[in-house]
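# Analysis of the macromolecular model
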Amino acid sequence: MVRGDSGSSAAGRTSESVFRAVLVSLLPAVGVFAGIVIGWYTITWAVLTFRDVFEVPELSPVPVQDRAPGVPGPTVGYWLSWAVLLVVFYVAGALLWWRWRRSRLLIGSVMAGFSAVVVLLAPVWVSIEVGGFAPS
């Protein structure tokens, strides 16, 4: 009887360790997806909200070569709307990664997904806003 109890206990541990292994293997994919979503909403929603809250003037949508002389370019507030949110995310991520050792895999993958979106989308977005755009 003792032997049967230890066998069922070992089987319970085995299924538990398999479940844990599956969760750990899915963690990077979940983290990257979460980072992509956070990055998308930071680039689109949070930057615009920051500008609305701090009343940053909108840029001219007219292309640079077609603008009248004296039309102002991007202000310091415009560049801060990008920089502040990115710095806050990276500082918070670095602090969590440093202090929360058990979740470094998740935090690192969230930061990787976020970085991918920021590196790909932010330059295009800034280029369109600063350079202007016009329907053709």
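For the structure, see preceding data.
Okay, so let's go over this structure.

Okay, the side chain of threonine 44 next. As for its position among the elements, threonine 44 is in helix α1 (residues 2-53). Looking at threonine 44, the relative accessible area reads 13%, which means it is buried. Reaching out from threonine 44, the side chain makes a polar contact with the backbone oxygen of tryptophan 40 at a distance of 2.7 Å.

The next thing to look at is the pattern of salt bridges. Summed over all chains, the structure comprises 1 salt bridge. Put simply, glutamate 129 and arginine 51 hold a salt bridge, and the shortest N to O gap is 3.0 Å. Within this pair, whereas glutamate 129 is found in helix α3 (residues 104-131), its partner arginine 51 is found in helix α1, the two being separated by 78 residues in sequence. Comparing glutamate 129 with arginine 51 shows no difference in burial state: the two are buried.

A few words on the nonpolar core. By size, the foremost hydrophobic cluster in this structure holds 15 residues, and its most contacted members are Ile43, Tyr78, Trp82, Phe89, Phe114, Val118 and Ala122. When residues of this core are traced back to their parent elements, those giving at least two are α1, α2 (76-99) and α3. Here the element with the most residues in this core is α3; it accounts for 7 residues. With sequence-adjacent residues up to four places away left out, valine 118 is seen in contact with Ile43, Leu86 and Pro123.

How each quantity is defined
Residues numbered from 1 in each chain as written. Predicted model: local features only at pLDDT ≥ 70, side-chain atom pairs only at ≥ 80, totals over all residues. Heavy atoms only, no water. Helix = DSSP H or I, 4+ residues; strand = E, 2+ residues; numbered from the N terminus. Buried < 20%, exposed > 50% of the residue type's maximum accessible area, 1.4 Å probe, protein only. Polar contact = N/O pair within 3.5 Å; in protein donor to acceptor, adjacent residues only side chain to side chain. Salt bridge = Lys/Arg side-chain N within 4 Å of Asp/Glu carboxyl O. Core = buried A, V, L, I, M, F, W, Y, C linked by side-chain atoms within 4.5 Å. Contact = heavy atoms within 4.5 Å.

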